[in-house]
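# Residue-level structural notes
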Amino acid sequence: MLTPRPTLYLASPYGFSAHWRSRLLPDFIEALEGLGLEVWEPFARNGQVDLAQEGWAWRVAQADLQDVRDADAFLAIVNGTPPDEGVMLELGAAIALGKPTFLFRDDFRRCSDSEDYPLNLMVFSGLPRTGWRDHLYGSIAELAHPSKALMCWLHTR
């Protein structure tokens, strides 16, 4: 019997722009699927929602939150100063649910209230106190780094 691939919810603001959706998201999805993950990208998963119907936004938000609950792990793209508020809310939910959490930031700008962290310290509250940098990725290629948290998590499943 085949073991199902682990699921990873990919939180990002890249689905709001046609250019980002066609040029940035595929790179992430391809890299993560190449690691053996089933990537749950909310813009693709909620494409069936009719945006002309009343209440569509609530249905999308509920579907996204359910996917965060159901996914095995969570990766947030936290570029921006500050990062996208929807991504931050999804990140907070993943942290509250105790999901294995990974962050991607290749934005060189700091957006922090701490000298230790590149973003608001609460973004890192779901990561270990020591070794949190192993959960933070600065390039797509780095996602496959064998000693960083994502690959370690995959190998211990």
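First things first, this report covers the structure right here in the doc. Here the structure is a predicted model, which means the values were calculated and not measured.

## What about the sheet that holds strand 1 (residues 7-11)?
- An order of 2-1-3-4-5 is seen for the five strands of this open sheet, with the pairing classed as parallel. Bordering the open sheet on either side are strand 2 (38-40) and strand 5 (136-137), each of which pairs with just one other strand.
- As judged from the four bridges shared by strand 1 and strand 3 (residues 73-77), these two strands associate in the parallel manner. Across the sheet, Leu10 pairs through a bridge with Leu75, a residue of strand 3.
- Packed onto the sheet, helix 4 (residues 56-70) meets strand 1, strand 2 and strand 3 and runs at close to 140° relative to strand 1.
- Together, strand 1, strand 3 and strand 4 (101-104) form the strand contacts of helix 5 (residues 85-96), whose direction differs from that of strand 3 by roughly 155°.

## As for the layout of surface pockets
- Space inside the largest pocket adds up to approximately 610 Å³.
- Those elements giving two or more residues to the lining of the largest pocket turn out to be helix 3 (42-45), helix 4 and helix 5.
- Considered class by class, the residues forming the lining of the largest pocket number 14 nonpolar, six polar and three charged.

## Let's talk about the packing of aromatic side chains
- Scanning the model with the defined rule gives seven aromatic pairs in all.
- With 5.7 Å between their ring centres and 5° between their planes, Tyr9 and Phe74 make a pair best called stacked. Taken together, the positions of Tyr9 in strand 1 and Phe74 in strand 3 put the pair 65 residues apart, joining distant regions of the chain.
- Owing to a relative accessible area of 0%, Tyr9 belongs among the buried residues under this scheme.
- Using a relative accessible area of 1% as the deciding quantity, one classes Phe74 as buried.
- Ring plane angle 20° and centroid distance 4.7 Å describe the contact between Tyr117 and Phe124, whose orientation is recorded as stacked. When sorted by exposure, Tyr117 lands in the same class as Phe124, which is buried.
- Above the ring of Tyr137, the side-chain terminus of Lys148 is found at 4.5 Å from the ring centroid.

## Let's talk about the pattern of salt bridges
- According to the stated counting rule, one finds five salt bridges in the structure shown.
- Among the salt bridges present, the one from Arg109 reaches Asp107, with a minimum N-O distance of 2.6 Å.
- On the basis of relative accessible area, Asp107 is assigned to the buried category, the value being 16%.
- Here Glu142 ties to Lys148 by a salt bridge, and the two come within 2.9 Å at their closest N and O atoms.
- A relative accessible area of 24% means that Glu142 is categorised as partly exposed.
- Residue Lys148 is classed as buried on the basis of its relative accessible area of 7%.
- Sharing partners across several salt bridges, the network here consists of Arg105, Asp107 and Arg109.

## Some words on the environment of Ser125
- Mapping Ser125 onto the fold places it in the loop between strand 4 and strand 5.
- With relative accessibility at 40%, the residue Ser125 sits in the partly exposed group.
- Between the alpha carbons of Ser125 and Gln53 there is a distance of 37 Å; along the sequence they are 72 residues apart.
- A distance of 2.8 Å separates the side chain of Ser125 from the backbone oxygen of Met122, its partner in a polar contact.

Criteria and cut-off values
Residues numbered from 1 in each chain as written. Predicted model: local features only at pLDDT ≥ 70, side-chain atom pairs only at ≥ 80, totals over all residues. Heavy atoms only, no water. Pairing = 2+ DSSP bridges. Helix = DSSP H or I, 4+ residues; strand = E, 2+ residues; numbered from the N terminus. Contact = heavy atoms within 4.5 Å. Axes fitted to C-alpha atoms, helices over the stretch in contact; angles between N-to-C directions. 1 Å grid on protein atoms, 1.4 Å probe; cavity = no way out; pocket = protein on both sides within 12 Å on 5 of 7 lines; lining within 4 Å. Points joined across faces, edges and corners; volume = space filled by probe spheres on them. Nonpolar A, V, L, I, M, F, W, Y, C, P; charged D, E, K, R; others polar. Phe/Tyr/Trp six-rings, centres within 6.5 Å; stacked < 30°, edge-to-face > 60°. Buried < 20%, exposed > 50% of the residue type's maximum accessible area, 1.4 Å probe, protein only. Lys NZ or Arg CZ within 6 Å of the ring centre and 35° of its normal. Salt bridge = Lys/Arg side-chain N within 4 Å of Asp/Glu carboxyl O. Polar contact = N/O pair within 3.5 Å; in protein donor to acceptor, adjacent residues only side chain to side chain.

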